[in-house]
Amino acid sequence: MTEKPQLGDLVRKQAAPLSEAAFALLVQGVLDYGIFMLDPQGYVISWNAGAERIKGYAADEIVGRHFSTFYPTEDKSAGKPQWELETAVAEGRLEDEGWRIRKDGSRFWANVVITALWDEKGVLRGFGKVTRDMSERRAALQALSERRRLFDHLVQAQETERRRIAWDVHDDSIQAMVAVGMRLQLLEEWVPEECAAELARLDASVREAISRLRELTFRLHPPGIDRHGLVDALSSHLDDVVSTWGLACSFEHRLDREPTPETAITIFRIVQEALLNVRKHAHGSAVTLQVESVDRGILTRVVDDGIGQPMSSNPANEHFGIIEMRERTETAGGWWSMHSEPDTGTTVEFWVPSPESAAAPTDELP
């Protein structure tokens, strides 16, 4: 009777180390990475299919040639290939990103790892070199950097225009309305008594219009939004504006660093619109604002205890405030969502990336 194999025997067989032939087959078959060896002087002595795909050389065209073949003229003149080998010997390995040259003369952006290989006697036998074509990643990072730069300019232009309109409303429209109010007050002393009540109602309407215009100028450009940090700006808005709506406000914040001015303004504007929607539609008594650093960005929630409402699956049914919040978030490279059910309140949640600076690192994107 044949004895049934035990699980442990199967695991040991599956975990048995690869033979040299199998390992060589594995290395040779990798297409996403150029994996090859250099002798101690830097001449190519092995070549896999990935190296051929990335660099364009067949094995019989490159084996025996010096690896400096892959470097631009300026790098060879500066002695970079030899420096890389010396660094790998001194430190065990070297990792670098930079331009490399294909067989057809075209350049590609490569991530390169060079590892010094020693035998059991401590004699340098050569180098293992792994190359990955990072051109698409670099192009994506450049596109992201350019998008971020354009986004920052857009935010700055919008805020400049808002500031100009706010100043025009304050210095022109509000002052004109104030002058009208003063004349109405003077007229009260001269008009017949039967007209005084109507004049008083007219004066009240002017005062209300002035109050609304002042609120508009504050919404267009809250004082200090571009001079103070995000937390201070949001806290002031809750204290100075939202609390006057009869809403109980709570603010929770956990930021590991201050965002860029453009990111701070974007978050402030989205929160400002979300809170305005709470005032107009929620019919609630309390709102909670939460801001925290998450996944190299800032996650923000605006939660109310209002009546809630069924969510529409048709974007055409969304009102302008929702569209504006979503577009601002997505333009900044983030995401936005809203969760709402009848009698459970509404949660507006969004995340935007928070770069340390608008410019890409110079060592990665020269």
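Anything mentioned here points back to the structure above.
Small disclaimer: the values here were computed from a predicted structure and weren't measured.

## Quick look at the overall build of the protein
A tally of regular secondary structure across the protein gives eleven helices and nine strands. Restricting to contacts in the protein with at least 6 residues of sequence separation, those with at least 24 account for 58%. As presented, the protein carries roughly 21,600 Å² of accessible surface, and 55% of it is formed by carbon and sulfur atoms.

## Considering helix α10 (residues 261-282)
With 22 residues, α10 should cover 32 Å at 1.5 Å per step; its first-to-last C-alpha distance of 30 Å lies within 8% of that length. The element α10 is extensively covered by neighbouring structure, given that 18 of its 22 residues are classed as buried. Backbone geometry just after α10 places His-283 at a positive phi near 55 degrees.

## Considering the packing of aromatic side chains
The description of an aromatic ring pair uses the distance of the two centres, along with the angle that the planes make with each other. Using the criterion set out here, one finds six aromatic pairs in the structure. Measuring from ring centre to ring centre gives 5.9 Å for Phe-36 and Phe-70, while their planes differ by 70 degrees; the resulting arrangement is edge-to-face. With a gap of 34 residues between them, Phe-36 in strand β1 (residues 34-38) and Phe-70 in the loop between α4 (59-62) and α5 (73-77) connect regions that are remote in the sequence. An angle of 25 degrees between the planes, with centres 5.7 Å apart, marks the rings of Trp-47 and Phe-70 as stacked. Here Trp-47 is found in the loop between β1 and α3 (49-55), whereas its partner Phe-70 is found in the loop between α4 and α5, with 23 residues between them in sequence. For the pair Trp-47 and Phe-70, a shared accessibility class is recorded, and that class is buried. In this structure an aromatic cluster arises from ring pairing among Phe-36, Trp-47, Tyr-57 and Phe-70. In this arrangement the basic side chain of Lys-55 is found over the ring face of Phe-70, its NZ or CZ atom lying 4.2 Å from the centre.

## Some details on the sheet that holds strand β5 (residues 248-254)
To summarise the sheet geometry, strands pair through backbone hydrogen bonds and adopt either a parallel or an antiparallel arrangement. Pairing is mixed in the open sheet, where five strands are placed in the order β5-β6-β7-β9-β8. The sheet is open, and its two borders are formed by β5 and β8 (335-340), each paired with just one other strand. If you compare each strand with its neighbour and ignore which way they point, the axes differ by 10 degrees on average. By the bridge criterion, seven bridges tie strand β7 (residues 297-304) to strand β9 (residues 346-353) in an arrangement that is antiparallel. If you follow Thr-300 over to β9, its bridge partner there is Phe-350. Lying on the sheet, helix α9 (residues 230-240) is in contact with β5, β6 (286-294) and β7; it crosses β5 at an angle near 175 degrees. Across the sheet, helix α11 (residues 320-331) is in contact with β8 and β9; its angle to β8 comes to roughly 145 degrees.

## Let's talk about the packing of α10 against α11
Two elements in contact, α10 and α11, have axes separated by 10 Å at closest approach and are oriented at 160 degrees. Viewed along their axes, α10 and α11 adopt a mutual orientation that is roughly antiparallel. Crossing handedness for the pair α10 and α11: left-handed. Contacts between α10 and α11 involve Thr-266, Arg-269, Ile-270, Glu-273, Ala-274 and Asn-277 on the former and, on the latter, Gly-321, Ile-322, Glu-324, Met-325, Arg-328 and Thr-329. When the residues that make up the contact of α10 with α11 are grouped by side-chain class, the tally is four nonpolar, four polar and four charged.

## What to know about the pattern of salt bridges
On inspection of all chains with the given rule, the structure shows 15 salt bridges. Between Arg-328 and Glu-324 there is a salt bridge; the shortest N-O distance is 3.6 Å. Here the residue Arg-328 and the residue Glu-324 both occupy positions in helix α11, the gap between them amounting to four residues, near one helical turn. Across this residue pair, the class does not change: Arg-328 and Glu-324 are buried. Linked by salt bridges that have partners in common, Lys-80, Glu-84, Asp-96 and Arg-100 make up one network.

## So, the pairing of β5
Examined bridge by bridge, β5 and β6 share seven bridges and lie parallel to one another. Considered in β6, the bridge of Arg-254 is made with Glu-292. Taken together, β5, α10 and β6 form a β-α-β motif whose crossover is left-handed.

## Quick look at the sheet that holds strand β3 (residues 107-118)
Reading across from one edge, β1-β4-β3-β2 is the order of the four strands in this open sheet, with antiparallel pairing throughout. Looking at strand neighbours, the two that pair on one side only are β1 and β2 (93-101), the edges of this open sheet. Taking the axes of each pair of neighbouring strands and ignoring which way they run, one obtains an average angle of 25 degrees across the sheet. In terms of strand pairing, β1 meets strand β4 (residues 124-133) through five bridges, oriented antiparallel. If you follow Gly-34 over to β4, its bridge partner there is Thr-131. In the packing of helix α6 (residues 80-91) onto the sheet, contacts are made with β1, β2, β3 and β4, and the angle to β2 comes to roughly 165 degrees.

The rules we used
Residues numbered from 1 in each chain as written. Predicted model: local features only at pLDDT ≥ 70, side-chain atom pairs only at ≥ 80, totals over all residues. Heavy atoms only, no water. Helix = DSSP H or I, 4+ residues; strand = E, 2+ residues; numbered from the N terminus. Contact = heavy atoms within 4.5 Å. Areas by Shrake-Rupley, 256 points an atom, 1.4 Å probe, with all protein chains shown as cover. Expected span 1.5 Å × (residues − 1). Buried < 20%, exposed > 50% of the residue type's maximum accessible area, 1.4 Å probe, protein only. Phe/Tyr/Trp six-rings, centres within 6.5 Å; stacked < 30°, edge-to-face > 60°. Lys NZ or Arg CZ within 6 Å of the ring centre and 35° of its normal. Pairing = 2+ DSSP bridges. Axes fitted to C-alpha atoms, helices over the stretch in contact; angles between N-to-C directions. Parallel < 35°, antiparallel > 145°, perpendicular 65-115°, else oblique. Left-handed = near helix turned anticlockwise from the far one by under 90°. Nonpolar A, V, L, I, M, F, W, Y, C, P; charged D, E, K, R; others polar. Salt bridge = Lys/Arg side-chain N within 4 Å of Asp/Glu carboxyl O. Right-handed = clockwise from strand over helix to strand, strands pointing away.

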